[in-house]
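Take a look at the letters that make up each chain.
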Amino acid sequence: MKKLLILGSGTAGTMMANHLDKEVNKNEWSITIIDQHEKHYYQPGFLFIPFGIYSEQDVVKEKSKFLPKGVEYIQAPVELIQAEKSQVVLGNQEIIPYDILIIATGCEIVPEETDGLNEGWREDIFDFYTLEGAVALRGKLNDWKGGKLVVHLSEMPIKCPVAPLEFVFLADWFFSEKKNIRKDIELIYVTPLDSAFTKPKCSEVLGDLFPQKNINLVNKFNVSHVDAESKKLVSFDNKEVSYDLLVTVPINMGSKLIARSDLGDDLNFVPTNKHTLQSKAYENIFVIGDATDIPTSKAGSVAHFAAEILTENILSYINKKPLTASFDGHANCFIESGYNKAFLIDFNYDIEPVEGTFPLPGIGPFSLLKETKINHLGKMAFKYIYWNMLLKGIPIPTVPPHMKKSGKKLDELLAYK
């Protein structure tokens, strides 16, 4: 019996377990998934916890509920991937061999990578990329009386690149509608990017919201360190941004397991063929989700689309056929803008977000790159779809893995360029 081993049972790993359980020949292949954590987190929901929109119960469930019965689940830490020997070593030194390995170990925030950040951690400096951080920030915002709130992005890449923007937009809504102290709040968004977002046309649209919402944008700010005592962000070129409350997205890095196994780049992301999702170093290793270095968003939608492509290529590899399925970098994302409205963007490696309708051309019901209430409803409905369809590998026929050009105003993009 040959073994297909998946490391990580987060979004990407769970999807792959469900896809492959339906497709591989069980008389020839067994599937094992290893993860040290008991709980599965709906990470997009962390954004809403500080504002009291979601609770912990909305975003946490047992991992085992979403894994097929035919898949062996080992809850244990992995100490090392020994790629040359096609085996992994668990924390208790047990050796698990594999014929095919899928790395889905994700990424995590690393606040210790920025000098001074930990000194004010969970006092005047908070994150919302962890459940613990989001819950602590909820308590802080509920009691906070006002001042200078700085929302800060350390560097790219990060999980869900639009989340910091969503946070500052929701903060504007929260302090206006829920707390009625918006006049006492100075909102500042600090980013190392040239503008509000990575994609130029999308950035222009989202950037227009900043003056409308009275949010100050500080761009091209590459943080050197945090002076927690003086409550200042300091850049490498000695610019300073002071704060009373700092909500930061620290540097994101891949798993320390990848570093220990000498399989990653400087940020512990695994060099991966961006189309086949095969490791560039070992042909029997494949990589998916936030663990990869592919040039697209580290978001659940990317893992969802990539999982369908990777399943095809795993089956081709098993049958000793060329890996012909090609991932195009497809990503889509609702961007919450506050006041029960949101944007929607849909893009890939080659085509950036443009206006249009989604998922049905001319019908929608969602509008691309426009702020609508229906887009907000789609954002809120995504939690149900995530738990009940995406994790279980149930396809959504109207949203195929490859980005559709139909329904998009691509002529606007050409004119913009």
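Please refer to the structure placed before this passage.
## A closer look at the overall build of the protein chain
Counting secondary structure elements, the protein chain contains ten helices and 24 strands. Its C-alpha radius of gyration of 21 Å places the protein chain within 12% of the 22 Å reference for a compact globule of 417 residues. Burial statistics for the protein chain: of 417 residues in total, 56% are counted as buried. Taking contacts inside the protein chain between residues at least 6 apart in sequence as the whole, the part at least 24 apart equals 68%. Split by element, the accessible area of the protein chain, about 17,600 Å² in all, is 48% carbon and sulfur.

## Focus: the packing of aromatic side chains
The tally for this structure, following the rule as stated, stands at 20 aromatic pairs. Ring plane angle 45 degrees and centroid distance 4.9 Å describe the contact between phenylalanine 51 and phenylalanine 167, whose orientation is recorded as tilted. You can see phenylalanine 51 sitting in the loop between strand 3 (39–41) and helix 2 (56–59) and its partner phenylalanine 167 sitting in helix 4 (residues 163–178), a full 116 residues away along the chain. The same class applies to phenylalanine 51 and to phenylalanine 167, which are both buried. Taken together, a centroid distance of 5.4 Å and an interplanar angle of 75 degrees make the contact between tyrosine 386 and tryptophan 387 edge-to-face. As far as burial versus exposure is concerned, tyrosine 386 and tryptophan 387 are alike and both buried. Among the aromatic side chains, those forming a connected cluster through ring pairs are Phe51, Phe128, Tyr129, Trp144, Phe167, Trp173, Phe174 and Phe175. In this arrangement the basic side chain of lysine 61 is found over the ring face of tryptophan 387, its NZ or CZ atom lying 5.2 Å from the centre.

## Digging into the sheet that holds strand 5 (residues 72–75)
The strands making up a sheet are joined through hydrogen bonds of the backbone, oriented either antiparallel or parallel. Pairing is parallel in the open sheet, where five strands are placed in the order 5-2-1-9-20. In this open sheet, the two strands that pair with only one neighbour each are strand 5 and strand 20 (285–287). With direction set aside, neighbouring strand axes in the sheet form an average angle of 20 degrees. Sheet strands touched by helix 1 (residues 11–23): strand 1 (2–7), strand 2 (29–35) and strand 9 (100–103). Its angle to strand 2, the strand with the most contacts, is close to 165 degrees.

## Points about the packing of helix 3 (residues 131–143) against helix 4
Two elements in contact, helix 3 and helix 4, have axes separated by 12 Å at closest approach and are oriented at 35 degrees. As helix 3 runs across helix 4, the sense of the crossing is right-handed. The residues of helix 4 that touch helix 3, namely those facing Leu137, Leu141 and Asn142, are Phe167, Phe174 and Phe175. Here the residues of the contact of helix 3 with helix 4 are counted per class, giving five nonpolar, one polar and no charged.

## Notes on the pattern of salt bridges
With the rule as written, the count across this model stands at 17 salt bridges. The partner of glutamate 79 in a salt bridge is arginine 260, and the shortest N-O contact between them spans 3.7 Å. Of this pair, glutamate 79 sits in strand 6 (residues 78–82) while arginine 260 sits in helix 7 (residues 256–260), and the two are 181 residues apart along the sequence. Between aspartate 184 and lysine 183 there is a salt bridge, and its shortest N-O distance comes to 3.8 Å. Each of the salt bridges in this network shares a partner with another, and the network as a whole consists of Asp124, Lys140 and Lys231.

## What to know about the layout of surface pockets
Within this model, the second largest pocket holds a volume of roughly 270 Å³. For the second largest pocket, the lining is made up of 19 residues, of which Pro157, Ile294, Pro295, Thr296 and Ser297 are closest to its centre.

## As for the environment of glutamine 212
Following the sequence through the fold, glutamine 212 ends up in helix 6 (residues 209–212). The exposed category is assigned to glutamine 212, whose relative accessible area is 61%. Put simply, glutamine 212 and serine 195 are 17 residues apart on the chain and 16 Å apart in space, counted from C-alpha to C-alpha. At a separation of 3.2 Å, a polar atom in the side chain of glutamine 212 contacts the main-chain carbonyl oxygen of aspartate 208.

## A few points about the environment of glutamate 166
The residue glutamate 166 is located in helix 4 in this model. Between the C-alpha atoms of glutamate 166 and valine 78, which are 88 residues apart in sequence, the distance is 34 Å. A distance of 2.7 Å separates a polar atom in the side chain of glutamate 166 from the backbone nitrogen of glutamate 336.

## Digging into the sheet that holds strand 18 (residues 245–249)
In spatial order, the strands read 11-18-12-13-14; together these five strands make up an open sheet with parallel pairing. Bordering the open sheet on either side are strand 11 (125–126) and strand 14 (215–218), each of which pairs with just one other strand. As defined by bridge partners, strand 11 adjoins strand 18 across two bridges and the pair is classed as parallel. Opposite isoleucine 125, over in strand 18, you have leucine 246 as the bridge partner. Along the sheet face, helix 4 touches strand 12 (147–153), strand 13 (185–190), strand 14 and strand 18 and points at about 175 degrees away from the line of strand 13.

What counts and what doesn't
- Throughout this description, residue numbers start from 1 for each chain and increase along the sequence as written.
- Local features are withheld for residues below a pLDDT of 70 in this predicted model, meaning they are given only at 70 or higher, and side-chain atom pairs are given and counted only at 80 or more; totals for whole chains, interfaces and linings count all residues.
- The basis for the side-chain values is all heavy atoms of the structure; hydrogens and waters are excluded.
- Elements are defined by DSSP. Helices are runs of H or I of four residues or more, strands are runs of E of two residues or more, and each kind is numbered from the N terminus.
- Atoms counted for the radius of gyration: C-alpha only. Globule rule: 2.2 Å times the number of residues to the power 0.38.
- For the exposure calls, accessible area comes from a 1.4 Å probe over protein chains only, and a residue counts as buried if that area is under 20% of its type's maximum, exposed if over 50%, partly exposed in between.
- Residues count as neighbours in contact if any of their non-hydrogen atoms are within 4.5 Å of one another.
- To measure how exposed things are, a 1.4 Å probe is used in the Shrake-Rupley method; for residues, cover is taken only from the protein chains shown.
- Aromatic contacts are taken between Phe, Tyr and Trp rings whose centres are within 6.5 Å, Trp giving its six-membered ring; a plane angle under 30 degrees counts as stacked, one over 60 as edge-to-face, and the others as tilted.
- Any Lys NZ or Arg CZ found within 6 Å of a ring centre and within 35 degrees of that ring's normal is scored as a charge over the ring.
- By definition, two strands form a pair when at least two bridges between them are found by DSSP.
- Think of each axis as a best-fit line through the C-alpha atoms, taken over the contacting stretch in the case of a helix, with angles from 0 to 180 degrees between the N-to-C directions.
- Here a crossing is taken to be left-handed if its near helix is turned anticlockwise relative to the far helix by less than a right angle, and right-handed if that turn runs clockwise.
- Each residue is assigned to one class: nonpolar for Ala, Val, Leu, Ile, Met, Phe, Trp, Tyr, Cys and Pro, charged for Asp, Glu, Lys and Arg, and polar for all the others, Gly among them.
- Should a side-chain nitrogen of Lys or Arg be within 4 Å of a carboxyl oxygen of Asp or Glu, the pair is scored as a salt bridge.
- A pocket, in this scheme, is an open set of points on a 1 Å grid over the protein atoms alone with protein on both sides within 12 Å along at least 5 of 7 lines, while a cavity is a set where a 1.4 Å probe fits but cannot get out; residues line either one if an atom lies within 4 Å of a point.
- Grid points are joined across faces, edges and corners, and a volume is the space filled by probe spheres set on the points.
- Residues adjacent in sequence count toward polar contacts only when both atoms are side-chain atoms; beyond that, a polar contact is any pair of N or O atoms within 3.5 Å, and within protein one must be able to donate a hydrogen and the other to accept it.

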